[in-house]
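As a plain string of letters, each chain reads:
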Amino acid sequence: MKPTLPELAPLRMDAVVNFASHKYWGVSDPVRFRALLDEARSLVTSGHFLGDNLFTWGRNNSLFEDGPFRAAWEGNIQNDADHAIAWRRYILACAGFHCVQLEGDFVECGVYTGTGIKTVMDYLGGPAFPKTYWGFDTFDYNPVPGHKFEGQEEGFHQKVQSRFAQYPQVRLIKGFIPDSFAQGCPDKVAYLHIDLNNAAGELAALEVLFDRVVPGGMVVMDDYEWAGTYRPQKQQEDPWFAARGYRIFPLPTGQGFLIKR
Ligand SMILES: C[S@@+](CC[C@H](N)C(=O)[O-])C[C@H]1O[C@@H](n2cnc3c(N)ncnc32)[C@H](O)[C@@H]1O
C-alpha cells in the first residue's frame, strides 16, 4: 500500500512560533526555576522552545509549523510529559516519514500507553498507515527497578490495545524483552524506536533487532543522551555500536539517532 505522506503548508515568512511547557526533570526548586526561565524568555528573541529540559530561542520551531504533525501530537496528549516532549515526538515523526517509504515494519520497544506509536501513525495516515507496527512491552508491570508508571497494573495491556481498536496493523506483544520476541518479530525493520529506560533491555533488543533493520532504516533511542540514571545506556551502547562501525548522533532532545547502512 502506498503511504499517505503529510505535506508542509507554504511557509509564512512572518510567522513566529513560541512554545513553553513547564514540565522538566531534575530541578531542585521548580517555583524559582520557573520564575527565572519566564524572565529569561522575556530577554531572548522570539522562536523559543522551552520544555523537556530544553531551552532554545531564535529557532523556526518547525514541528509546530507542520500542521499534520501538530494535529497528531495534540490529538494524542494524555499528560504533561506528552505535551512537553513535542520535539522528541517530531524526531520520531520525521524518522517515520522517511522509513514508511522503505521495505520493512515499524517497531517500538517500550510502548507504555502507546502515544509514541499512535502519534507517528496519525502523522502518516492514521488507520490507513500502510505497515505493520509492532509494540513490545511488559505492559501490566514495569520491570525496571525504580520505575513505576501510572496505570501499569493488571489489565493495562488490554487498555492500551483498545486505544488501537481502529488500527488493525498494530501488534502489541506483551512480555519481557528479549523473551517476548519469541511470540513474533518482523524479519525486516524499517523504523526502530527503543525506549526501555535501561541499558540491559535496550542491548538485548538491539542484539535481536539491529541486524533486521534494512539499509536506510532508522534507529532512535529515547534516553541515549540523558545523563544521570540513564548514563549507563551511553556507556554500554557506544561500544556496542562502535564494534559495528557506528557512532550514535546525540540529539539535543536527549535521544540518540542513527541510520543503518
Ligand atoms: C518510557 S516507557 C515507553 C514510552 C513510549 N515509548 C512512548 O513514546 O510513549 C518505557 C516502557 O518500557 C517498558 N520496559 C522496560 N524494560 C522492558 C523489558 N525488558 N521488556 C519489556 N518492556 C520493558 C516499561 O514497561 C515501560 O512501559
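See the structure shown above.
Residues numbered from 1 in each chain as written. Predicted model: local features only at pLDDT ≥ 70, side-chain atom pairs only at ≥ 80, totals over all residues. Heavy atoms only, no water.

Enquirer: Hey, could you run me through the packing of aromatic side chains in this one?
Expert: Aromatic ring pairs: the centre-centre distance and the angle between the two ring planes describe each pair. For the structure shown, the criterion picks out 27 aromatic pairs. With centroids separated by 5.0 Å and ring planes inclined at 65 degrees, the aromatic side chains of F49 and W87 adopt a geometry described as edge-to-face. Of this pair, F49 sits in strand β2 (residues 49-51) while W87 sits in helix α5 (residues 86-99), and the two are 38 residues apart along the sequence. For F49, a relative accessible area of 0% gives the class buried. Between F210 and F241 the ring centres are 5.4 Å apart and the planes differ by 85 degrees, which places this aromatic pair in the edge-to-face class. Of this pair, F210 sits in the loop between α8 (199-209) and β8 (213-221) while F241 sits in helix α9 (residues 231-242), and the two are 31 residues apart along the sequence. Across the pair, exposure class does not vary: F210 and F241 are buried alike. Directly above the aromatic system of W240 lies the positively charged group of R244, at a separation of 3.5 Å from the ring centroid. When the ring centre of F210 is taken as reference, the NZ or CZ atom of K260 above it lies at 4.8 Å. (Phe/Tyr/Trp six-rings, centres within 6.5 Å; stacked < 30°, edge-to-face > 60°. Helix = DSSP H or I, 4+ residues; strand = E, 2+ residues; numbered from the N terminus. Buried < 20%, exposed > 50% of the residue type's maximum accessible area, 1.4 Å probe, protein only. Lys NZ or Arg CZ within 6 Å of the ring centre and 35° of its normal.)

Enquirer: Is there a simple way to think about the nonpolar core in this case?
Expert: With 38 residues, the main nonpolar core has F64, F106, M121, Y133, F164, L172 and Y191 as its most contacted residues. When residues in this core are grouped by element, the largest group, six residues, is from α5. Of the residues that make up this core, three or more belong to each of domain 1 (19-56) and domain 2 (82-259). Not counting residues within four places of it along the chain, the set of residues in contact with Y133 comprises F106, V107, E108, G116, I117, V120, M121, Q169, V170, R171 and Y191. Of all hydrophobic cores here, the second largest spans 26 residues; its members include I177, L196, L206 and V213. (Core = buried A, V, L, I, M, F, W, Y, C linked by side-chain atoms within 4.5 Å. Domains from an automatic or database assignment. Contact = heavy atoms within 4.5 Å.)

Enquirer: I tried to follow the pairing of strand β7 (residues 189-194) on my own but got confused; where do I start?
Expert: Remark: a regular strand shows side chains that alternate across the two faces of the sheet. Extensive coverage of β7 is indicated by the burial of six of its six residues. Bridging between strand β4 (residues 105-109) and β7 involves five bridges; their strand directions are parallel. Residue V107 lies in a different strand from β7, and its bridge partner there is L192. (Pairing = 2+ DSSP bridges.)

Enquirer: Honestly, the environment of D66 in this entry has me stumped. Any pointers?
Expert: Examined against the element boundaries, D66 turns out to sit in the loop between α2 (62-65) and α3 (67-75). Residues D66 and N142, 76 residues apart in the sequence, show an inter-C-alpha distance of 34 Å. The residues contacting D66, other than those within four sequence positions of it, are L8, Y90 and Y123.

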